[in-house]
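Single-letter residue listing:
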Amino acid sequence: MSDVITAVLDEVTETAPEIRAGLTGRREYQADENPSGEQMLAADVHADQLLEERILAVDGVGSYASEERDEIQEAEEDGDIHVACDPLDGSSNLKSNNVMGTIVAVYDEPLPAPGRALRAAAYVLYGPITNMVVARDDTVTEYVIDCETQNAPGTGIERRPVDGDVTLPSDPVVYGFGGRVPDWPDDFASYVRDIEQELKLRYGGAMIGDVSQVLEYGGVFAYPALESATNGKLRLQFEGNPIGYIIESAGGRSSDGSQSLLDVEPTELHQRVPVHIGNADLIERLETALSD
Ligand code: P6P
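Residues numbered from 1 in each chain as written. Predicted model: local features only at pLDDT ≥ 70, side-chain atom pairs only at ≥ 80, totals over all residues. Heavy atoms only, no water.

**Q** Mind laying out the packing of helix H3 (residues 186–198) against helix H6 (residues 280–291), listing which residues take part and the relevant values?
**A** The interhelical angle for the contact between H3 and H6, taken along N-to-C directions, is 145°, at an axis separation of 8 Å. Crossing hand, H3 versus H6: right-handed. Counting all contacts with H3, which are made through Asp187, Phe188, Tyr191, Asp194, Ile195 and Glu198, the residues of H6 involved are Leu282, Arg285, Leu286, Ala289 and Leu290. Grouping the constituent residues of the contact of H3 with H6 by class yields 7 nonpolar, no polar and 4 charged. (Axes fitted to C-alpha atoms, helices over the stretch in contact; angles between N-to-C directions. Helix = DSSP H or I, 4+ residues; strand = E, 2+ residues; numbered from the N terminus. Left-handed = near helix turned anticlockwise from the far one by under 90°. Contact = heavy atoms within 4.5 Å. Nonpolar A, V, L, I, M, F, W, Y, C, P; charged D, E, K, R; others polar.)

**Q** Residue-level account of the domain arrangement of the protein, with values.
**A** When the parts come together, some accessible area is lost, and that loss is often what is quoted as the size of the interface. Domain assignment breaks the protein into domain 1 (2–163) and domain 2 (174–291). The gap between the C-alpha centroids of domain 1 and domain 2 is 22 Å. Across the boundary between the two partners, domain 1 contributes 42 residues, which contact 33 residues of domain 2. Here domain 1 meets domain 2 over a buried area of about 2,700 Å², counting both sides, of which 61% is carbon and sulfur. For domain 1, the biggest contributors to the area lost against domain 2 are Pro112, Arg116 and Tyr123; these three give 21% of the whole. For the pair domain 1 and domain 2, the number of links is 3 salt bridges. Notably, a salt bridge pairs arginine 235 with glutamate 38, separated by 2.9 Å at the nearest N-O pair. Counting across the domain 1 and domain 2 interface gives 15 residue pairs in polar contact (both at pLDDT 80 or more). Among the elements that make up the side of domain 1 that touches domain 2, the one with the highest residue count is strand S7 (residues 118–126) (8 residues). (Domains from an automatic or database assignment. Buried area = accessible area lost by both parts, 1.4 Å probe. Salt bridge = Lys/Arg side-chain N within 4 Å of Asp/Glu carboxyl O. Polar contact = N/O pair within 3.5 Å; in protein donor to acceptor, adjacent residues only side chain to side chain.)

**Q** Mind laying out the nonpolar core, listing which residues take part and the relevant values?
**A** With 56 residues, the main nonpolar core has Phe177 and Ile243 as its most contacted residues. The leading source of residues in this core is helix H5 (residues 236–249), at 6 residues. Among the domains, domain 1 (2–163) and domain 2 (174–291) are the pair contributing at least three residues each to this core. Core analysis: the second largest hydrophobic core is formed by 37 residues, Ile19, Leu50, Ile55 and Ala120 among them. (Core = buried A, V, L, I, M, F, W, Y, C linked by side-chain atoms within 4.5 Å. Buried < 20%, exposed > 50% of the residue type's maximum accessible area, 1.4 Å probe, protein only.)

So this is what it looks like as structure tokens:
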């Protein structure tokens, strides 16, 4: 199984430069919407097609699911590894030329699966440089992918490790919360008023960019339950579980408001979940604020 997981991560590494190179010229919206009712850019579809083709071709992978597709794509051969992707997280940032990411969740159970069935999780962040953060075997490793020098498929693109033990700094610095302020429930808004006195606002509209800030500087990111959407916006299989797994592997905590995201019961492929991740004490304070 370990070899299959490595092979999936290698395919993501090889595909990242193509996804990045493909962003230019794919900023127009498609006619149809994704299963969450969101408009898709041509860049979303392009990234999804590349990842599906390559990940399903890995021996041992049984299925591929994507935030952009209604149905799970079964591999031709059975396999014990089931992969869920958000091919281009934060793609609405493309028009404003801000960061975006690719999220990969590697489960050893058929989807929808609980976060405890994750065997690895990773994200690629398309920022000033392209980095890749991988959590597996209770360790988080940061890599750099030199897209500029290796943008042809199959050229043996490598990910170069730059930090073999990524851990959340103990002194938190930044916070970022999604949704509109008037749409926050009172208990969450009360928590925010405290956090605002202590930390600096960093919110960029693409979860991977905001999570990367928390991982680098310490703090808290949330896309909470809203008055208008009690399950929030983010999807458990494609965003909540993998990011919760990465942050918990880096010594932080995740929560749906009352429990680890990894303990949330999966009910459907595109189910949404309130997402809160960051330093353990900040998440504990959040759960206390929401329980009062
Ligand atoms: P809003 C991007 O569309 C996304 O799914 C996450 O990456 C991000 O955290 C959130 O939605 C941003 O949502 O409501 O601030 O545009």
